[in-house]
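Report on the structure
Here is what each chain is made of, one letter per residue.
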Amino acid sequence: MKKFSLLFTMTMVSLLSFANNTLPYPEPEFIGEVYVVVGDSVVLLEKNRTVLRTQASATMYIFGIGDIKSRIKIPNACSQTRIDVLPTIQLIVRANNNNSDPMTVINAFRFDQGRTERSATLSKLGTFSGASDGTLKHVEYQAKRYGEASYLVTIKNLQAGEYGINVTDSNTSDGNMFISCLGVGACTDFAAIEKAKKEEKEQVEKILVEEMEGAVDLAVRLTVELGAGETWFDAK
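Residues numbered from 1 in each chain as written. Predicted model: local features only at pLDDT ≥ 70, side-chain atom pairs only at ≥ 80, totals over all residues. Heavy atoms only, no water.

Below, the discussion takes up unusual backbone geometry. One non-glycine residue, asparagine 76, adopts positive backbone phi at about 80°. Residue placement: asparagine 76 occurs in the loop between strand E5 (67–75) and strand E6 (82–83). You will see that asparagine 157, though not glycine, has its phi angle at about 55°, which is positive. Residue position: asparagine 157 is located in the loop between strand E14 (150–156) and strand E15 (161–167). (Helix = DSSP H or I, 4+ residues; strand = E, 2+ residues; numbered from the N terminus.)

Before going further, it helps to spend a moment on a nonpolar patch on the surface. A grouping of Val204, Leu208, Met212 and Leu226 is seen on the molecular surface, where their side chains present a nonpolar patch of about 320 Å² in accessible area. Within the element layout of this structure, leucine 208 appears in helix H3 (residues 190–213). With relative accessibility at 37%, the residue leucine 208 sits in the partly exposed group. (Patch = residues over 30% accessible without salt bridge, like charges linked within 9 Å, V, L, I, M, F, W, Y side chains within 5 Å. Areas by Shrake-Rupley, 256 points an atom, 1.4 Å probe, with all protein chains shown as cover. Salt bridge = Lys/Arg side-chain N within 4 Å of Asp/Glu carboxyl O. Buried < 20%, exposed > 50% of the residue type's maximum accessible area, 1.4 Å probe, protein only.)

Below, the discussion takes up the side chain of threonine 50. You can see threonine 50 is positioned in strand E3 (residues 46–51). By relative accessible area, threonine 50 is classed as buried at 5%. Among the polar contacts listed, one links the side chain of threonine 50 to the backbone oxygen of lysine 73, at a separation of 3.1 Å. (Polar contact = N/O pair within 3.5 Å; in protein donor to acceptor, adjacent residues only side chain to side chain.)

Another aspect to go through is the nonpolar core. Of all hydrophobic cores here, the largest spans 22 residues; its most connected members are Leu91, Ile106 and Val153. Those elements that place two or more of their residues in this core are strand E1 (34–38), strand E7 (88–94), strand E8 (106–110), E14, E15 and strand E16 (176–184). With residues up to four places along the chain from it excluded, the contact list for leucine 91 reads Val34, Tyr35, Val36, Tyr151, Leu152, Val153, Ile155, Ile165 and Leu182. (Core = buried A, V, L, I, M, F, W, Y, C linked by side-chain atoms within 4.5 Å. Contact = heavy atoms within 4.5 Å.)

Turning next to the state of the cysteines. Evaluated as defined, the whole model comprises one disulfide. Disulfide pairing places cysteine 78 opposite cysteine 187 at an S-S distance of 1.8 Å. Of note, the bridge from cysteine 78 to cysteine 187 carries an S-S torsion of about 80° and is right-handed in sense. With a gap of 109 residues between them, cysteine 78 in the loop between E5 and E6 and cysteine 187 in the loop between E16 and H3 connect regions that are remote in the sequence. The exposure class assigned to cysteine 187 is partly exposed, which follows from its relative accessible area of 37%. (Disulfide = S-S within 2.5 Å.)

Dropping the structure here:
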């Protein structure tokens, strides 16, 4: 009877230990990789290699006064991995280990989105203003240990846009950085916007010509010429 009780106790302890170590989602395989939790599954974020580039303003070259910025750039305006705008988003971020404060390991930020790329200014050094963390749009989050070497990151009220997650453990000594990218909400299609602007411009030009040429009833036909541009010089 004692042997049975002892065996039963050991079995229960083993089962409880197994249950405690069972995670609802797997950890990413490699350091720097990030999963986003979508329903009952996870999706691996698009991962990009980029190099930290330093660029000085024109006035710095000419007068020795200005700013020096350290920037990263990711090709394409939108991330391939996208989710809807949600009240709460959870990420599983793989690090070298999860013994450190996640704030010192994980950088979450919003990209500045352009027509053909996403970019972020990590730091800025001004002649008079000194050093600063640039215009990096940090994203606030809460995190806790997850599994053997990951963090479960929770972000609330993330607005539509393009975002990056960098794990400092994955950066290399030669300046290479690995950024996991996530798009929230619909992708802004700049090509479609440009096309719409062009079509709208043509419609406006047509209306202007018709209205101005018919504004005055003259014996000689009134001819109107139009020019368009971002400045008066371009519109000549």
